[in-house]
Amino acid sequence: MAQNVNAEIIAIGTEILLGEITDTNSVFIARVLRDIGVNLYFMTSVGDNEARIAAAVGVAMSRADVVITCGGLGPTVDDMTRQAVATATDRGLTFHQPLLDAIAERFAGFRSKMTENNKRQAYLPDNAILIENPVGTAPSFIVEHEGKVVISLPGVPREMKYLMTERVVPYLRERYGLTGNIIKARVLKTAGIGESALDDAIGKELLEASNPTIGLAAHSGRVDVRITAKAENVEDADRMIEQVERALRERVEPYIFGVDDDTIEGAFLAALAAANGLVATCEAGIEGAIAARLQGAGGGGALAAVRQYAHPDALRKTLGLPPNTPLRRVAETAAKEIALATESLVGIVVISHPDMDEHHSDAEDGSAIAVYTPAEIRSRSYGFGGQGDTARQWTGTWALSMAWRMLTMGS
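Residues numbered from 1 in each chain as written. Predicted model: local features only at pLDDT ≥ 70, side-chain atom pairs only at ≥ 80, totals over all residues. Heavy atoms only, no water.

Caption draft 1: Broad picture of the side chain of R405. Note that R405 resides in helix α14 (residues 389-408). Although R405 is buried, it makes no salt bridge; E376 carries the closest opposite charge, 8.5 Å away. (Helix = DSSP H or I, 4+ residues; strand = E, 2+ residues; numbered from the N terminus. Buried < 20%, exposed > 50% of the residue type's maximum accessible area, 1.4 Å probe, protein only. Lys, Arg positive; Asp, Glu negative; His and termini not counted. Salt bridge = Lys/Arg side-chain N within 4 Å of Asp/Glu carboxyl O.)

Pasting the structure below:
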């Protein structure tokens, strides 16, 4: 009989805490756990410090049945996971000559000489279950301790993914009887409504349901509604999700532009095609906010014109506007002008000061967007400038969201 199993993930590496790399490993592990019906309530990051890793493992074991660590299994002095897990589970380390021989054989296969420090990797916590690693040199292991399980995986994504799916999942299924227990999720993507208004429209009885559960996540220009169901099989989970989705659509259908991996640019292009129209874009002081996203979504044929200016001043001059004209007014003027000049149904403009960063006050005139259709012009302004990917993503998503809303809702 399947058990209700809780897990915790610990990502190990000072480079994560310093922001030098993004922890994508924990995201992958979380999705795998979800798909086999394992609950995940905590994800922790800890640096390369033996005492802190041991403490993190200890805390995790106090509140989870399964603890999965990722990273810190290499041959160098800052690879401390083996000793930390041994400390947290009150045991020593044992040297395994066959394991070292296997590591040496893999190095020989790479036509590379194994160094002395690789001997560290042949030590495992006492009585640990070895997880053989056929795709790398970092041995992984499982420690069963007082009814809890600690699973240590390498930080190299390719190795971690293989071992998680091919070794860890079968182990968890067998130990906890998870064969027929899964967690499945579906995300409805909305635009044109704020998080609080969406929460109110969905209603308390749906939002507080226990299975499936509903959660909201706000992003720039959109709000995601995640439906998560736990069931004995995929068919039951799908049926549960579909029932809740129908209820959600009865309440907020006009705001839903897609599901799961659907994008706002794809939704806008579909609405544009349904209206048998074209779009013209203009970007000043920023690149890649609109036109590149539409082209990347296969919408190159829907672009009647793509204009690019190095600075808002160049666009002001082209439009014959005074140098001190606010960006929002410039964007509105440009959106109408380019749409009419190209006989396009929609004109979209994004303007930003290229020499201003993303940390200015909202009171400053740093960026602006505008969308024109024959029915109306809508616009917004922002306090941040065009330096960095955040500004590009934020303005582009808001502009495309605004354009989609105007085509599909008429407001």
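After presenting the structure, the write-up continues.
Caption draft 2: Here's a closer look at the packing of helix α12 (residues 312-319) against helix α13 (residues 327-342). At a minimum axis distance of 10 Å, the contact between α12 and α13 shows a crossing angle of 55°. Accordingly, the angle class assigned to the pair α12 and α13 is oblique. The interaxial crossing formed by α12 with α13 has left-handed handedness. Side by side, α12 and α13 meet where P312, L315, R316 and L319 of the first sit next to L327, V330, T333, A334 and E337 of the second. (Axes fitted to C-alpha atoms, helices over the stretch in contact; angles between N-to-C directions. Parallel < 35°, antiparallel > 145°, perpendicular 65-115°, else oblique. Left-handed = near helix turned anticlockwise from the far one by under 90°. Contact = heavy atoms within 4.5 Å.)

Caption draft 3: Structural context of the packing of helix α3 (residues 50-63) against helix α4 (residues 81-88). Put simply, α3 and α4 touch, their axes get as near as 8 Å, and they point 50° apart. Comparing their axes, α4 and α3 come out oblique. By crossing handedness, the relation of α3 to α4 is classed as right-handed. From α3, E50, I53, A54, V57, G58 and M61 reach across to α4, where they touch Q83, A84, T87 and A88. When grouped by side-chain class, the residues that make up the contact of α3 with α4 number six nonpolar, three polar and one charged. (Nonpolar A, V, L, I, M, F, W, Y, C, P; charged D, E, K, R; others polar.)

Caption draft 4: Highlighting the packing of aromatic side chains. Applying the stated criterion across every chain yields a total of four aromatic pairs. Both rings, one in Y382 and one in F384, keep their centres 5.2 Å apart while their planes meet at 25°; by these two values the pair is stacked. Taken together, the ring pairs connect Y382, F384 and W394 into an aromatic cluster. It is R63 that lies over the ring of F42; its NZ or CZ is 3.7 Å from the centre. Of note, R380 hangs over the ring of W398, and the distance from its end group to the ring centre comes to 4.0 Å. (Phe/Tyr/Trp six-rings, centres within 6.5 Å; stacked < 30°, edge-to-face > 60°. Lys NZ or Arg CZ within 6 Å of the ring centre and 35° of its normal.)

Caption draft 5: Region of interest: the nonpolar core. Judged by nonpolar contacts, the single largest core of 30 residues is most densely connected at F268, V279, I290, L294, V346, I348 and W404. Beyond its immediate chain neighbours, meaning those up to four positions away, V346 contacts F268, L272, L278, V279, A280, A339, V371, Y372, T373, A403 and L407. The next biggest cluster of nonpolar side chains, apart from the first, holds 26 residues, and it includes I68, I131, M164 and V169. (Core = buried A, V, L, I, M, F, W, Y, C linked by side-chain atoms within 4.5 Å.)

Caption draft 6: Region of interest: the pairing of strand β7 (residues 140-145). Counting buried residues in β7 gives five out of six residues, a clear majority hidden from the surface. Relative to strand β8 (residues 148-153), β7 is paired through five bridges, and the arrangement is antiparallel. When the sheet's bridge partners are listed, V143 is paired in β8 with V150. Counted along the chain from β7 to the antiparallel partner β8, the turn is two residues long, and its residue E146 has a positive phi close to 50°. (Pairing = 2+ DSSP bridges.)

Caption draft 7: Quick peek at the sheet that holds strand β11 (residues 222-231). Strand order in the open sheet made by the four strands is β10-β11-β9-β12, with antiparallel pairing throughout. Whereas interior strands pair on both sides, the edge strands pair on one side only; in this sheet they are β10 (213-219) and β12 (256-259). Here the strands of the sheet are splayed against their neighbours by 25° on average, with no regard to which way each runs. Bridge count for strand β9 (residues 182-190) against β11 is nine bridges, and the pairing is antiparallel.

Caption draft 8: Region of interest: the side chain of S152. Inspection of the secondary structure puts S152 in strand β8. The exposure class assigned to S152 is buried, which follows from its relative accessible area of 0%. Only 2.9 Å separates the side chain of S152 from the side chain of T69, close enough to count as a polar contact. (Polar contact = N/O pair within 3.5 Å; in protein donor to acceptor, adjacent residues only side chain to side chain.)

Caption draft 9: Geometry of α4. Here α4 lies mainly inside the structure; six of its eight residues are buried. When we look at burial in α4, the residues that qualify are T81, R82, A84, V85, A86 and A88. Positive backbone phi, approximately 55°, marks D90, located one or two places after α4.

Caption draft 10: Representation of the sheet that holds β7 within the structure. The strand order across the open sheet built from six strands is β2-β1-β3-β8-β7-β6, with neighbouring strands paired in mixed fashion. Pairing within the sheet leaves two strands with one partner each, and these edge strands are β2 (39-46) and β6 (129-131). Across the sheet, the axes of successive neighbouring strands diverge by a mean angle of 20°, strand direction being ignored. Bridging between β6 and β7 involves three bridges; their strand directions are antiparallel. Within β7, the position partnered with I131 by the bridge is S140. Against the sheet, α3 touches β1 (6-12), β2, β3 (66-70), β7 and β8, its axis set at about 170° to β1.

Caption draft 11: View of helix α6 (residues 157-176). At M164, α6 shows its largest kink, close to 40°. Those residues of α6 lying buried are E159, M160, L163, M164, V168, V169, Y171, L172 and Y176. Summarising the contacts, the buried residues of α6 are in contact with α2 (24-35), β3, β6, β7 and β8. (Bend = angle between axes of the 7 residues up to and from the residue.)

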